[in-house]
Amino acid sequence: MKIAIGSDHAGYRYKQAILQHLQAAGHEVEDFGTHSESPVDYPRFITPVAKAVAAGTFERGIVLGGSGNGEAIAANRVRGIRCGLCWNLESARLTRLHNDANVLSLGERMMDLPTALQIVDTFLTTPFEGGRHLARIQQLDEQ
């Protein structure tokens, strides 16, 4: 799978670990930055990830910050993006199953790294259920 990834300084350490995890699993991953723990403004790194996913250049995106809230908000400003903020496995499963999320937002300060990696794997392997949820996704896309 082609995956775009980006973070601010507060999500940098997990971004690096997730990047390695994804590459080891055989995914093609592009890192949109940031490239250190020096303070930065998250929209500079999150918006390009979202735009790349919306354009179809990447199948999925992963964005990270301290809580993941700002990153989810930034990603969801891009038309065609359905970014789910996930803090546990069930939220990751449901954001794909019911919402067909194409971007995952994670907060480094909200979980340990093993949990973050499990959330990523769940996000990437859970299919969209379709059915009654499809009409809701279409309504979102019409806005």
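Above this text you will find the structure in question.
Residues numbered from 1 in each chain as written. Predicted model: local features only at pLDDT ≥ 70, side-chain atom pairs only at ≥ 80, totals over all residues. Heavy atoms only, no water.

Caption draft 1: Expanded view of the overall build of the protein chain. From N to C terminus, the protein chain includes 6 helices and 5 strands. In the protein chain, the order of α-helices and β-strands from amino to carboxyl end is β-α-β-α-β-α-β-α-β-α-α. Residue burial in the protein chain is summarised as follows: out of 143 residues, 48% are buried. Split by element, the accessible area of the protein chain, about 7000 Å² in all, is 49% carbon and sulfur. For the protein chain, the distance from the average position of its 14 positive side-chain charges to the average position of its 16 negative side-chain charges is 5 Å. (Helix = DSSP H or I, 4+ residues; strand = E, 2+ residues; numbered from the N terminus. Buried < 20%, exposed > 50% of the residue type's maximum accessible area, 1.4 Å probe, protein only. Areas by Shrake-Rupley, 256 points an atom, 1.4 Å probe, with all protein chains shown as cover. Lys, Arg positive; Asp, Glu negative; His and termini not counted. Charge placed at Lys NZ, Arg CZ, Asp CG, Glu CD.)

Caption draft 2: Summary view of the pattern of salt bridges. Across all of its chains, the model carries 8 salt bridges by this definition. Across the pair Asp100 and Arg82 runs a salt bridge, and its minimum N-O distance is 3.3 Å. Pair noted here: Asp100 is in the loop between helix 4 (89-97) and strand 5 (103-107) and Arg82 is in the loop between helix 3 (69-76) and strand 4 (83-85), with a separation of 18 residues, a long-range link. As a salt-bridge pair, Arg93 and Glu90 come within 2.9 Å of each other at their nearest N and O atoms. You can see Arg93 and its partner Glu90 sitting in helix 4, 3 residues apart, about one turn around the helix. According to the relative accessible area criterion, Arg93 is partly exposed, its value standing at 32%. With relative accessibility at 41%, the residue Glu90 sits in the partly exposed group. Ionic contacts of the salt-bridge type, sharing partners, join the residues Arg82, Arg96, Asp100 and Asp141 into one network. (Salt bridge = Lys/Arg side-chain N within 4 Å of Asp/Glu carboxyl O.)

Caption draft 3: Looking closely at the sheet that holds strand 3 (residues 60-65). If you walk across this open sheet you meet the 5 strands as 2-1-3-5-4, and the pairing is parallel. Because the sheet does not close on itself, it has two edges, and the strands there are strand 2 (28-31) and strand 4. Taking the axes of each pair of neighbouring strands and ignoring which way they run, one obtains an average angle of 20° across the sheet. Bridging between strand 4 and strand 5 involves 3 bridges; their strand directions are parallel. From the neighbouring strand, Cys83 faces strand 5, where its bridge partner is Val103. Along the sheet, helix 1 (residues 12-24) contacts strand 1 (2-7), strand 2, strand 3 and strand 5; its crossing angle with strand 1, the most-contacted strand, is approximately 165°. In the packing of helix 2 (residues 43-54) onto the sheet, contacts are made with strand 1, strand 3 and strand 5, and the angle to strand 1 comes to roughly 165°. (Pairing = 2+ DSSP bridges. Axes fitted to C-alpha atoms, helices over the stretch in contact; angles between N-to-C directions. Contact = heavy atoms within 4.5 Å.)

Caption draft 4: Geometry of the layout of surface pockets. Looking at the largest pocket, its volume works out to about 150 Å³. Forming the boundary of the largest pocket are Asn76, Val78, Arg79, Gly80, Ile81, Arg82, Leu140, Asp141 and Gln143. Of the residues contributing to the lining of the largest pocket, the split by class is 3 nonpolar, 3 polar and 3 charged. (1 Å grid on protein atoms, 1.4 Å probe; cavity = no way out; pocket = protein on both sides within 12 Å on 5 of 7 lines; lining within 4 Å. Points joined across faces, edges and corners; volume = space filled by probe spheres on them. Nonpolar A, V, L, I, M, F, W, Y, C, P; charged D, E, K, R; others polar.)

Caption draft 5: Inspection of the nonpolar core at higher detail. By size, the foremost hydrophobic cluster in this structure holds 21 residues, and its most contacted members are Ile18, Leu22, Ile62, Leu104, Leu106 and Val120. The set of elements that each furnish at least two residues to this core consists of strand 1, helix 1, strand 3, strand 5 and helix 5 (113-125). The leading source of residues in this core is helix 5, at 6 residues. With residues up to four places along the chain from it excluded, the contact list for Leu104 reads Gly61, Ile62, Val63, Cys83, Gly84, Cys86, Ile119, Val120 and Phe123. Counting residues in hydrophobic clusters, the runner-up holds 15 residues, among them Val49, Val53, Ala72 and Ala75. (Core = buried A, V, L, I, M, F, W, Y, C linked by side-chain atoms within 4.5 Å.)

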